[in-house]
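Fold and contact review
Residue strings, one per chain:
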Number of protein chains: 2
Amino acid sequence: MSHALRDAVTSPTIKSVRAAGSWKGSMTTALRVRGFELSTDEPPAVGGTDSAPTPMELVAAALNGCITVVIETVATELGIALESVDTSSVAHLDTRGFRGTADVSPHFLDYALTVQLVASATDDERESLRAAVERRCPALNLVRDAGVPLTIDWQWAVPA
Amino acid sequence: MSHALRDAVTSPTIKSVRAAGSWKGSMTTALRVRGFELSTDEPPAVGGTDSAPTPMELVAAALNGCITVVIETVATELGIALESVDTSSVAHLDTRGFRGTADVSPHFLDYALTVQLVASATDDERESLRAAVERRCPALNLVRDAGVPLTIDWQWAVPA
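Residues numbered from 1 in each chain as written. Chains lettered and ligands numbered in written order. Predicted model: local features only at pLDDT ≥ 70, side-chain atom pairs only at ≥ 80, totals over all residues. Heavy atoms only, no water.

Our next topic: the interface of chain A and chain B. Between chain A and chain B, the residue contacts involve 83 residues of the former and 83 residues of the latter. Summed over both sides, the interface of chain A with chain B buries roughly 7,300 Å², with 65% coming from carbon and sulfur. Applying the counting rule to chain A against chain B returns 6 salt bridges. With a closest N to O distance of 3.9 Å, E42 of chain A and K15 of chain B form a salt bridge. Summed over the shared surface of chain A and chain B, the number is 36 residue pairs in polar contact (both at pLDDT 80 or more). Counting residues per element, the side of chain A that touches chain B draws most heavily on helix α2 (residues 55–78) of chain A, which supplies 17 residues. Looking at chain direction, strand β4 (residues 82–94) of chain A and strand β1 (residues 14–25) of chain B are connected through 9 bridges and run antiparallel. Along β1 of chain B, the bridge assignment pairs H92 of chain A with S16 of chain B. (Contact = heavy atoms within 4.5 Å. Buried area = accessible area lost by both parts, 1.4 Å probe. Salt bridge = Lys/Arg side-chain N within 4 Å of Asp/Glu carboxyl O. Polar contact = N/O pair within 3.5 Å; in protein donor to acceptor, adjacent residues only side chain to side chain. Helix = DSSP H or I, 4+ residues; strand = E, 2+ residues; numbered from the N terminus. Pairing = 2+ DSSP bridges.)

Shown next, in the form of structure tokens:
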């Protein structure tokens, strides 16, 4: 841990994030986060039993959850009343990276996110929300900072 | 989608990763991955109900699952008989990034991973496994490529 980081860890704005895993065989891992239990697995084609999402599917799920929390937070700040937020992610992996059969990145080749919002908001409010969410969302910025080509399609509709 | 990527998507080595989410209010998101359902939430201090891991905890859990799958895969290739694999992650976030109150990265400040393996393996086999896993693990490389200072403590023990 660097000196700067050691100082930072004592700051009230620094939060720890912890997780643990135990191998269960056949590509399955039992995962623990505080008191929560979940797992990852792989499809049979890769030697798993398809009992749970794959690890990279879990990363994509986390990103959907992350942007939704940030949207709620920013909408509250801007006084935008949200009726609904629905998101979907489509990304691609080149499995040769994981397999070790080609010198390609093992993680996302690309990442396309669609965000569908139902809310009453002016054009300026929509743009303020979009800009703040894209700047502040942790998981989104993790993927973008990793150099993954990322597209976000913001779709707005007004309440019926 | 780029031309190169469009070609790549037709390749049998390219795999799609999909996830979707729906906002449930109070910082909670219902997440879907193929037929699997899970969710993310936040602690009450952030306005959530603490019913599930946070999104960035889910990213950390995914990383633990990811490295475990890659360890199993590489151990099989090298003929190493694994008895157990246990992992734990400790990372830190500066919540001012998420809050938008300082110009800091909203994602991981650092990421420390501990890997405990029980297996019969020579020193050369241990080193071959370590190097291949660190090169081929998708989630690990996502975090590393994002510029997050990453440490991995490999701990080996022999079967009792």
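What follows deals with the relation of the copies chain A and chain B. With an axial shift of 0.0 Å and an RMSD of 0.0 Å, the rotation relating chain A to chain B amounts to 180 degrees. Interpreted geometrically, this transformation is the action of a two-fold axis. Distance from the rotation axis, computed per C-alpha, reaches its smallest value in chain A at A146 of chain A: 1.9 Å. Comparing interface residues between copies, 100% of those in chain A also sit at the interface in chain B, which points to an isologous, same-surface contact. (Least-squares fit on C-alpha atoms with pLDDT ≥ 70 in both.)

Further remarks concern the environment of P44 of chain B. Residue and element names in this part refer to chain B. Checked against the element boundaries, P44 lands in the loop between β3 (36–40) and α2 (55–78). A relative accessible area of 57% means that P44 is categorised as exposed. A sequence separation of 17 residues divides P44 from M27, and the C-alpha atoms of the two residues are 9.4 Å apart. (Buried < 20%, exposed > 50% of the residue type's maximum accessible area, 1.4 Å probe, protein only.)

Right, let's get into the confidence of the model for chain A. Confidence along chain A averages 94 in pLDDT terms, with 94% of residues attaining 70 or more. For this predicted complex, the interface score ipTM comes out at 0.94, while the overall pTM is 0.94. (pLDDT = per-residue confidence, 0-100.)

Within the secondary structure layout, S22 of chain B lies in strand β1. With near-sequence residues (within four places) excluded, S22 of chain B lies in contact with V85 and D86 of chain A together with T28, T29, A30 and R32 of chain B.

Turning our attention to the sheet that holds strand β4 (residues 81–94) of chain B. If you walk across this open sheet you meet the 6 strands as β3(A)-β2(A)-β1(A)-β4(B)-β5(B)-β6(B), and the pairing is mixed. A single partner strand is all that each edge strand has here, and the edge strands are β3 (36–40) of chain A together with β6 (150–157) of chain B. Here the strands of the sheet are splayed against their neighbours by 20 degrees on average, with no regard to which way each runs. Bridge count between strand β1 (residues 14–23) of chain A and strand β2 (residues 29–33) of chain A: 4 bridges; the pairing is antiparallel. Across the sheet, residue W23 of chain A finds its bridge partner in β2 of chain A, namely T29 of chain A. (Axes fitted to C-alpha atoms, helices over the stretch in contact; angles between N-to-C directions.)

Among the nonpolar cores identified, the biggest contains 93 residues, and F108 and W154 of chain A together with F108 and Y111 of chain B are the most heavily contacted of them. Here Y111 of chain B is in contact with A60, L63, N64, S89, V90, A91, V143, V148, P149, L150 and T151 of chain B, once residues within four sequence places are set aside. (Core = buried A, V, L, I, M, F, W, Y, C linked by side-chain atoms within 4.5 Å.)

All names here are of chain A. The contact between helix α4 (residues 123–136) and helix α5 (residues 138–145) brings their axes to 6 Å, and the two run at 70 degrees. In terms of orientation, α4 and α5 fall into the roughly perpendicular class. Packed against α4, whose contacting residues are V133, E134, R135 and R136, the element α5 presents P138, L140, N141 and R144 at the interface. Classifying every residue of the contact of α4 with α5 gives 3 nonpolar, 1 polar and 4 charged. (Parallel < 35°, antiparallel > 145°, perpendicular 65-115°, else oblique. Nonpolar A, V, L, I, M, F, W, Y, C, P; charged D, E, K, R; others polar.)

Let us look at the packing of α2 of chain A against α5 of chain A. Residue and element names in this part refer to chain A. Packing of α2 against α5 brings their axes to within 7 Å, and their N-to-C directions diverge by 125 degrees. By the angle between their directions, the pair α2 and α5 is classed as oblique. In this structure, α2 uses L63, C66, I67 and V70 to contact α5, whose residues at the interface are P138, A139, L140 and V143. When the residues that make up the contact of α2 with α5 are grouped by side-chain class, the tally is 8 nonpolar, no polar and no charged.

Within the structure shown, the criterion is met by 16 salt bridges over all chains. We note a salt bridge from R34 of chain B to D50 of chain A, for which the minimum N-O separation is 2.8 Å. With R34 of chain B in the loop between β2 (28–33) and β3 and D50 of chain A in the loop between β3 and α2, this pair bridges two chains. By relative accessible area, R34 of chain B is classed as partly exposed at 44%. A salt bridge links R144 of chain B to E134 of chain B; the shortest N-O distance between them is 4.0 Å. Taken together, the residues R144 of chain B in helix α5 (residues 138–145) and E134 of chain B in helix α4 (residues 123–136) connect sequence positions 10 residues apart. Of the residues examined, R144 of chain B reaches a relative accessible area of 34% and is grouped as partly exposed. In this structure, a network of salt bridges that share partners links the residues E127, R130, E134 and R144 of chain A.

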